[in-house]
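# Topology and contacts: notes
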Amino acid sequence: QGAVEGGTGRSAFLGNGEAGKTGTTNNGVDIWFIGFVPRSAVVTSVWLGNDDNTPTYSTSDKAARVWGSYMGQLLR
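In this report, the structure presented in the accompanying data block is examined.

This brings us to the pairing of strand S1 (residues 19-24). Bridging between S1 and strand S2 (residues 30-37) involves six bridges; their strand directions are antiparallel. The residue bridging Ala19 from the neighbouring strand is Phe36, located in S2. Turn length for the S1-S2 hairpin, with the two strands adjacent in sequence and antiparallel, is five residues, and the turn residue Asn27 shows positive phi of about 60 degrees.

Right under this line is the structure:
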């Protein structure tokens, strides 16, 4: 929950007690966010990367934003 409430996963905050973990591989080739919403017993992950293994030039915050947007719609 710390990552979502004030860490690298802040963009995933929905106010539903969610918890999650961001991640980035070397050179930003892969970025992801894996999150859990206990009240709904839902676990979802988002992976962002390029098919040719080139860097994304982004951070895992972007994956957290995608997760937050998706889960916000799912939990309405």
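Let's shift gears to the nonpolar core. Ranked by size, the top nonpolar core spans nine residues in total: Val4, Ala12, Phe33, Val37, Val46, Ala63, Ala64, Trp67 and Met71. Those elements that place two or more of their residues in this core are S2 and helix H2 (60-74). Of the residues forming this core, the biggest block, four residues, is contributed by H2. Residues within four places of Ala64 in sequence aside, it is in contact with Thr8, Gly9, Ser11, Ala12 and Phe33.

We now examine H2. At 3.6 residues per turn, the α-helix brings residues three or four places apart onto the same side. Over its 15 residues, H2 extends 21 Å from the first C-alpha to the last, a length consistent with the 21 Å expected when each residue adds 1.5 Å. Looking at H2, one finds that the buried residues are Ser60, Ala63, Ala64, Trp67, Gly68 and Met71. Burial along H2 is one-sided: seen end-on, the buried residues are contained in an arc of 140 degrees.

It is worth spelling out unusual backbone geometry at this point. For Ala41, which is not glycine, the phi dihedral falls at a positive 55 degrees. Within the secondary structure, Ala41 is located in the loop between S2 and strand S3 (42-49). Even without being glycine, Tyr57 reaches a positive phi, approximately 55 degrees. Positionally, Tyr57 belongs in the loop between S3 and H2.

This next bit is on the pairing of S3. As defined by bridge partners, S2 adjoins S3 across eight bridges and the pair is classed as antiparallel. Bridge pairing links Ile31 to Leu48 in S3. Hairpin connection between S2 and S3: a loop of four residues separates the two successive antiparallel strands, and Ala41 in this loop has a positive phi of roughly 55 degrees.

Looking now at a nonpolar patch on the surface. Together, Ile34, Phe36 and Val43 make up a nonpolar patch on the protein surface, roughly 270 Å² of accessible area in all. Position of Phe36 among the secondary structure elements: in strand S2. What makes Phe36 partly exposed here is its relative accessible area of 35%.

About the cut-offs
- Residues numbered from 1 in each chain as written.
- Predicted model: local features only at pLDDT ≥ 70, side-chain atom pairs only at ≥ 80, totals over all residues.
- Heavy atoms only, no water.
- Pairing = 2+ DSSP bridges.
- Helix = DSSP H or I, 4+ residues; strand = E, 2+ residues; numbered from the N terminus.
- Core = buried A, V, L, I, M, F, W, Y, C linked by side-chain atoms within 4.5 Å.
- Buried < 20%, exposed > 50% of the residue type's maximum accessible area, 1.4 Å probe, protein only.
- Contact = heavy atoms within 4.5 Å.
- Expected span 1.5 Å × (residues − 1).
- Arc of directions from axis to C-beta.
- Patch = residues over 30% accessible without salt bridge, like charges linked within 9 Å, V, L, I, M, F, W, Y side chains within 5 Å.
- Areas by Shrake-Rupley, 256 points an atom, 1.4 Å probe, with all protein chains shown as cover.
- Salt bridge = Lys/Arg side-chain N within 4 Å of Asp/Glu carboxyl O.

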